[in-house]
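What follows is each chain in one-letter form.
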Amino acid sequence: MKTPPRRKPVLAVASAGGHWQQLQRLRGALDAEEVFFLTTLPGLPEEFGALPAAIVPDCNQSRPVSVIRSAVVIFGHVLRLRPKVVVTTGALPGLIALAAGRVVGARGIWIDSVANAERMSASGRMARHVAHLRLSQWEHVARETQADYAGSVL
Amino acid sequence: MIFATVGTQLPFPRLIDALEALAPELGEAVIAQTGLAAGSWPHLDVRPRLAPKDFAAIFEAARVVVSHAGVGSILSARRYRKPLIVMPRRLALGEHRNDHQMATARHVEGLHGVHVAWEAEELRELLRRPGLEAAAEKTDLSPSHSALIQRVQAFIREAG
């Protein structure tokens, strides 16, 4: 027996802390969708009612091994879920998820943290290669980095 | 109770030391989420890391929250409707990789319920000020916040 075709989910990715909180403030954009969350701290999805979800290892550029470890897990989730869209508020794990999304034909959106009021984050600058839409939450930062501006969560 | 939090990424001893010095005169318990920092703070209830559930419970129980100028702390203060005092980390003191917290502090100064301590000396007055105004989630989304949500929503719809 064939299972009915499943709706492709939206994959929503954010590191614990401010990135995650900003993603939660964009939940209104995800209401009509099937969403799967990825973050880096156990217990966070439950606390915010953001389920289903999985935890991935955190990483940063200064520790290349952590990036590889994190990327393996993130690619695993993306290949399994085959999302139609990847949306992330950062940081580096979100960038990796966008790259993984390209492999399965997902559209990708990077929303740079509102904390970056003077310059787009390093991950946000790299996201130009993998995201279909990049948003800064500051008009002047968007102008400087050829990103778009739509508004801000603050 | 006063809750101090510096996030999980980097220690912020300048803030924790200042609270340790103030604690004896405040007459109020101080719980400090310090990150993985080494230090001696006998007047503080030190918790290097907190599970999200415990973080939420302590945040909710606090009279006032003191934190680095992180966006997560600002959004938590709104979520739990608490007065928030932020002290920005400074690049020059090796407290972060750049000075974005100074920019954040400049931009949030004047937001409802967010109070900036540019220097540790300002903490005492803010912590002792009666009726320090609390942050609050607005009932309506701001036009800017709505516009951002609509843009993300439109992008997702276009993807099918």
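Residues numbered from 1 in each chain as written. Chains lettered and ligands numbered in written order. Predicted model: local features only at pLDDT ≥ 70, side-chain atom pairs only at ≥ 80, totals over all residues.

Describing the overall build of chain A
Link 1 in the chain: Each helix and strand in chain A was counted, giving six helices and seven strands.
Link 2 in the chain: Counted from the first residue to the last, chain A has its helices and strands arranged as β-α-β-α-β-α-β-α-β-α-β-α-β.
Link 3 in the chain: In terms of C-alpha radius of gyration, chain A reaches 15 Å, essentially the compact-globule figure of 15 Å for 154 residues.
Link 4 in the chain: Overall, chain A is about 55 × 35 × 30 Å in size when its C-alpha atoms are taken along their principal axes. (Helix = DSSP H or I, 4+ residues; strand = E, 2+ residues; numbered from the N terminus. Rg over C-alpha atoms; globule rule 2.2 N^0.38 Å.)

A few points about the overall build of chain B
Link 1 in the chain: In terms of helices and strands, chain B carries six helices and six strands.
Link 2 in the chain: In chain B, the order of α-helices and β-strands from amino to carboxyl end is β-α-β-β-α-β-α-β-α-β-α-α.
Link 3 in the chain: Whereas a compact globule of 160 residues would reach a radius of gyration of roughly 15 Å, chain B reaches 17 Å, a difference of no more than 12%.
Link 4 in the chain: Each of the three principal axes of chain B carries a C-alpha extent, and together these read 55 × 35 × 30 Å.
Link 5 in the chain: Classification of the 160 residues of chain B by burial places 39% in the buried group.
Link 6 in the chain: Contacts spanning at least 24 positions in sequence make up 54% of the contacts within chain B whose residues lie at least 6 apart. (Buried ≥ 20, exposed ≤ 12 C-beta atoms within 10 Å, placed from the backbone. Contact = placed C-beta atoms within 7 Å.)

Some thoughts on the nonpolar core
Link 1 in the chain: With 92 residues, the main nonpolar core has Leu11, Ala12 and Ala97 of chain A together with Ala4 and Leu19 of chain B as its most contacted residues.
Link 2 in the chain: With residues up to four places along the chain from it excluded, the contact list for Leu11 of chain A reads Phe36, Leu38, Val78, Leu81, Pro83, Val86, Ala97 and Gly101 of chain A. (Core = buried A, V, L, I, M, F, W, Y, C linked by C-beta atoms within 7 Å.)

A closer look at the packing of helix α1 (residues 13-26) of chain B against helix α5 (residues 121-128) of chain B
All names here are of chain B.
Link 1 in the chain: Remark: α1 packs on α5, axes separated minimally by 10 Å, with the N-to-C direction vectors making an angle of 35°. Here α1 and α5 pass one another in a crossing that is right-handed. Contacts between α1 and α5 involve Ala18, Leu22 and Leu26 from the first element and Leu123, Arg124 and Leu127 from the second.
Link 2 in the chain: Among the residues making up the contact of α1 with α5, the classes are represented as five nonpolar, no polar and one charged. (Axes fitted to C-alpha atoms, helices over the stretch in contact; angles between N-to-C directions. Left-handed = near helix turned anticlockwise from the far one by under 90°. Nonpolar A, V, L, I, M, F, W, Y, C, P; charged D, E, K, R; others polar.)

Comments concerning the pairing of strand β6 (residues 133-136) of chain A
Residue and element names in this part refer to chain A.
Link 1 in the chain: Judged by which residues are buried, β6 turns out to be covered on both faces: Leu133 and Leu135 on one side and Arg134 and Ser136 on the other are all buried.
Link 2 in the chain: Here β6 runs beside strand β7 (residues 148-149); their pairing, made up of two bridges, is parallel. Across the sheet, Ser136 pairs through a bridge with Tyr149, a residue of β7.
Link 3 in the chain: Handedness of the crossover joining β6 and β7 through helix α6 (residues 139-144) is recorded here as right-handed. (Pairing = 2+ DSSP bridges. Right-handed = clockwise from strand over helix to strand, strands pointing away.)

Let's talk about the packing of helix α3 (residues 64-81) of chain A against helix α4 (residues 92-103) of chain A
All names here are of chain A.
Link 1 in the chain: It is at 9 Å that the axes of α3 and α4 come closest, and there the two elements cross at 45°. When the interaxial angle is binned, α3 and α4 end up oblique. Once α3 is placed against α4, the crossing between them reads as right-handed. Facing α3, whose interface residues are Val67, Ser70, Ala71, Ile74, Phe75 and Val78, α4 presents Leu92, Pro93, Ile96, Ala97, Ala100 and Gly101.
Link 2 in the chain: Classifying every residue of the contact of α3 with α4 gives 10 nonpolar, two polar and no charged. (Parallel < 35°, antiparallel > 145°, perpendicular 65-115°, else oblique.)

Points about the sheet that holds strand β2 (residues 30-33) of chain B
Residues and elements named next belong to chain B.
Link 1 in the chain: Taken in spatial order, the six strands of this open sheet run β3-β2-β1-β4-β5-β6, and their pairing is parallel. Because the sheet does not close on itself, it has two edges, and the strands there are β3 (45-47) and β6 (114-116). Each strand axis lies, on average, 20° off the axis of its neighbour in the sheet, ignoring direction.
Link 2 in the chain: As paired elements, strand β5 (residues 84-87) and β6 share three bridges and run parallel to each other.

Points about the interface of chain A and chain B
Link 1 in the chain: With 32 residues of chain A at the contact, the number on the chain B side is 28 residues.
Link 2 in the chain: For the side of chain A that touches chain B, the secondary-structure elements that each account for two or more residues are α1 (18-24), α2 (44-47), β4 (85-88), β5 (107-111) and β6 of chain A.
Link 3 in the chain: Ranked by residue count, the leading element in the side of chain A that touches chain B is α1 of chain A, at three residues.

Structural notes on unusual backbone geometry
Residues and elements named next belong to chain A.
Link 1 in the chain: The omega torsion across Leu51 and Pro52 is 0°, close enough to zero to call that bond cis.
Link 2 in the chain: Relative to the helices and strands, Pro52 is located in the loop between α2 and β3 (53-55).
Link 3 in the chain: Gly90 connects to Ala91 through a cis peptide bond whose omega is 0°.
Link 4 in the chain: Relative to the assigned elements, Ala91 resides in the loop between β4 and α4.

So, the sheet that holds β5 of chain A
Residues and elements named next belong to chain A.
Link 1 in the chain: Read from one edge of the open sheet, seven strands run β3-β2-β1-β4-β5-β6-β7, paired in parallel fashion. Edge positions in the open sheet fall to β3 and β7, since each of these has one partner strand only.
Link 2 in the chain: Bridge analysis of strand β2 (residues 35-39) against β3 gives three bridges, and the strand direction is parallel. The residue of β3 that forms the bridge with Phe37 is Ala53.

Overview of the confidence of the model for chain B
Link 1 in the chain: For chain B, the mean per-residue pLDDT works out to 95, and 100% of the residues sit at or above 70.
Link 2 in the chain: Taken over the whole predicted complex, pTM reads 0.95, whereas the ipTM for its chain interfaces reads 0.95. (pLDDT = per-residue confidence, 0-100.)

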